[in-house]
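Analysis of the macromolecular model
Each chain, written out:
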Amino acid sequence: MQNIHRVHLMGIGGAGMSALAILLKAHGLEVSGCDLKLPHYDLGGIPFELTHTHEHIEHYKPDALILSSAVRRDNPEVVYAVSKGIPIFSRAEALSYLFNKSEGIGIAGAHGKTTTTSMTGLIFLKAGKNPTVYVGANVPDIGSNAVSGSGANFIAELDESDGTFELFAPGIAIITNADWDHVDHYPTREDVIKAFTRFADGRKEGGTLILCAEDEGASHVFEMCCKARGEILRYGFGNSWDWGAYDITKTHGGGISCRVSHHGREVGILTLSVSGEHNVLNALAAISAADLCGIDFGTSSEILRGFHGSERRMQVKGTTSSDILVMDDYAHHPSEIRATLEAVRGIYPERRLVVVYQPHRFTRTAMFAGQIAEALSTAGKAFILPVYSAGEKECPHSSAEEVIRLSNGKISALTFDDALETLKAAVKAGDLLLTMGAGDVYRIGEKFLEC
C-alpha cells in the first residue's frame, strides 16, 4: 500500500471496516466509504455514501479500494475500479500493512478475542503507553472501536474466519482458544488447529506466544507450534500455569473475583465488574501481555476493575416498568452460548431466563444444530429466529426448524414480525430477556423496552 494517498472502503459501516477507516485517516490518508446500511459506528467525519455504485470511484478518485469480506469481487463498483486499474485490498491486507510495522499485539481466537482486545487496549491506554487499538466492537470505556496512538504498541483483534489472520506478524501473539467454527472455510477441526499453529509460528522471531491452557484446541496448538520461535506462556485456572486464577468468587448482581498467580507465586487479587469465568481467562491473557510490556499486575488489575465490557457482550439494555431485565449478547457458537447462559444465570439466579436466539450462517447452523439445541434448552424459555445468512445460501439441515426438532419441543419458533406480541405474552415480571446472536437480533430487545 505504499504511495497510496486516497482510499475508498466498501462496507465501511461494519465494526472492522469503520475501525480501519479511522486508523487510515489518522495515518494521513484521505478516506471515504460506502455501505448498504447506515453505519453503526462513528466514522469521525469520514465521507460516507449509502449504496454501492461506480460513481463513487469517479467522485472520490481513490488510489485503492479496500473491501469488507461481505463485498464480492463481482460487485459493479469493484469491477469498475479494476477496469480503471485501481488496486483492490482486503480489510486484513490493509490492516496488516499498518500492524506489521509496529510492536504488534495480535489477539486471535474463535471466542473471547473482542473482550480480550478491549481489556488489553484499556490497560495500555490507562497505563500511559499511548497504543494504537483496533477492536471489532465499540468499547464504552475506550469510547470507540479504534484508537490511533503514538506509542510503540499496536493492539489488534485478528479475524480467523477466512484465514487472513495469518497475514499478521505480531511480537506478542495471543490465542484465547482454537475452537472449530467457520466451517465454510475450515472443513475439519484439524484445519482450524493447523491455521492457528501457522498464526502462532508467524509471530516475529523471538516473539512471545500466549495460550489459554483451558482450551483443547489451544493445547493442540501448543503441541504443534515451533518452540524455538520464542517464549510461550500459558494461562488458566489453578496456580500451575505461567498465569493462573484460583479461589474464584462470583458476585451476586454481577462481577467476579479471584486470586492470581504468576509462575506459581500469588501476586494479588483480581476483581472484575464483568461476569463469567471466561472473562477471568480473558483478563489473564491481557494481564500477561501487559506484564511483558512493563505494566505490573497491580496496575493492570486496578485498571480492569473499572472495565465494563464491550458492546453486545452481556450488555444490559434496560429494565421495563414491570421489572423485566433486557440483556443482549453476541454469542452465536454453541461454546459461546453455553458460557453466556452460565454467566447470566450466575449473575441473576432469581430471574427466569428467556432467550431469543438468532442463528448466524447456514453452514454453522447445519454443523452445530444439535449443540445449539442442547445449549438453548437449558434456558427457562427459548425462542429461535430464522437464520441470519450473512450472504450464504441455505444448505440441508441448516434451518431454525432443524434446531427446534433436535430440541424435542424445548425451543419455539419466532419471527421479527411476531416477536413483540409473542414475547409480551411469554415474558413475565421479574424475568430476564436475553437476545443473542451475531446478526440484528438486538433490535428485538430494544423494541421490547420501548413498548
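Residues numbered from 1 in each chain as written. Predicted model: local features only at pLDDT ≥ 70, side-chain atom pairs only at ≥ 80, totals over all residues. Heavy atoms only, no water.

1. Brief notes about the packing of helix α5 (residues 113-126) against helix α9 (residues 297-305)
As a packed pair, α5 and α9 sit with axes 9 Å apart at the nearest point and diverge in direction by 115°. As the angle between them shows, α5 and α9 are arranged roughly perpendicular. α5 and α9 meet at a crossing whose hand is right-handed. Between α5 and α9, the residues in contact are Met-119, Leu-122, Ile-123 and Lys-126 and Ser-300, Ile-303 and Leu-304, respectively. Grouping the constituent residues of the contact of α5 with α9 by class yields 5 nonpolar, 1 polar and 1 charged. (Axes fitted to C-alpha atoms, helices over the stretch in contact; angles between N-to-C directions. Helix = DSSP H or I, 4+ residues; strand = E, 2+ residues; numbered from the N terminus. Parallel < 35°, antiparallel > 145°, perpendicular 65-115°, else oblique. Left-handed = near helix turned anticlockwise from the far one by under 90°. Contact = heavy atoms within 4.5 Å. Nonpolar A, V, L, I, M, F, W, Y, C, P; charged D, E, K, R; others polar.)

2. Some details on the nonpolar core
A general feature of soluble globular proteins is that nonpolar side chains tend to end up buried together. Ranked by size, the top nonpolar core spans 80 residues in total, and within it Val-7, Leu-9 and Ile-66 carry the most contacts. Looking at this core, the element that brings in the most residues is helix α1 (residues 15-26), giving 7 residues. The contact partners of Leu-9, leaving out residues within four places of it in the chain, are Met-17, Leu-20, Ala-21, Leu-24, Val-31, Ser-32, Gly-33, Cys-34 and Ile-66. Membership of the second largest hydrophobic core comes to 40 residues, among which are Ile-155, Ile-210, Trp-243 and Ala-286. (Core = buried A, V, L, I, M, F, W, Y, C linked by side-chain atoms within 4.5 Å. Buried < 20%, exposed > 50% of the residue type's maximum accessible area, 1.4 Å probe, protein only.)

3. Here's the deal with the sheet that holds strand β14 (residues 256-262)
The strands that make up a sheet are held in pairs by hydrogen bonds between backbone atoms, and each pair lies either parallel or antiparallel. With mixed pairing, 10 strands are arranged side by side in an open sheet as β8-β7-β9-β6-β10-β11-β12-β13-β14-β15. Both edges of this open sheet fall to β8 (144-147) and β15 (265-272), since each of them pairs with a single strand only. Strand-to-strand twist of the sheet, defined as the mean angle between neighbouring strand axes without regard to direction, takes the value 15°. Note: strand β7 (residues 132-139) against β8, 3 bridges, orientation antiparallel. Looking at the pairing, Val-133 lines up with Val-147 of β8. Together, β6 (103-108), β7, β8, β9 (153-157) and β15 form the strand contacts of α5, whose direction differs from that of β9 by roughly 160°. (Pairing = 2+ DSSP bridges.)

4. A few points about the pattern of salt bridges
One pass over the full model with this rule turns up 16 salt bridges. Among the salt bridges present, the one from Arg-352 reaches Asp-431, with a minimum N-O distance of 2.8 Å. In this pair, Arg-352 sits in the loop between α10 (334-347) and β18 (353-357) while Asp-431 sits in the loop between α13 (419-426) and β21 (432-436), placing the two residues 79 residues apart along the sequence. We classify Arg-352 as partly exposed; its relative accessible area is 32%. Between Glu-421 and Lys-424 there is a salt bridge whose closest N-O contact spans 3.1 Å. Of this pair, Glu-421 and Lys-424 both sit in helix α13, 3 residues apart, roughly one helical turn. It is possible to trace a salt-bridge network through shared partners that takes in Asp-247, Arg-259 and Glu-266. (Salt bridge = Lys/Arg side-chain N within 4 Å of Asp/Glu carboxyl O.)

5. Considerations on the environment of Met-119
Residue position: Met-119 is located in helix α5. Beyond its immediate stretch of four places on either side in the chain, Met-119 contacts Leu-272, Val-274, Asn-279, Asn-282, Ala-283, Ala-286, Leu-304 and Phe-307.

6. Quick notes on unusual backbone geometry
Its identity as a non-glycine residue notwithstanding, Asp-247 has a phi of 50°, on the positive side. Of note in this structure, Asn-408 is not a glycine but carries a positive phi near 55°. Given a relative accessible area of 70%, Asn-408 falls into the exposed group.

7. Re the packing of aromatic side chains
According to the stated counting rule, one finds 5 aromatic pairs in the structure shown. Arranged with centres 5.4 Å apart and planes meeting at 75°, the rings of Phe-99 and Phe-168 form a pair that is edge-to-face. Placement of Phe-99 in helix α4 (residues 91-99) and of Phe-168 in the loop between β9 and β10 (172-175) is noted, with a sequence separation of 69 residues between them. Exposure remark for Phe-99: the relative accessible area of 0% places this residue in the buried category. Seen from their ring centres, Phe-165 and Phe-196 are 5.0 Å apart, and the 75° between their planes marks the pair as edge-to-face. (Phe/Tyr/Trp six-rings, centres within 6.5 Å; stacked < 30°, edge-to-face > 60°.)

Keep in mind that these numbers describe shape and distance, not what the molecule does.
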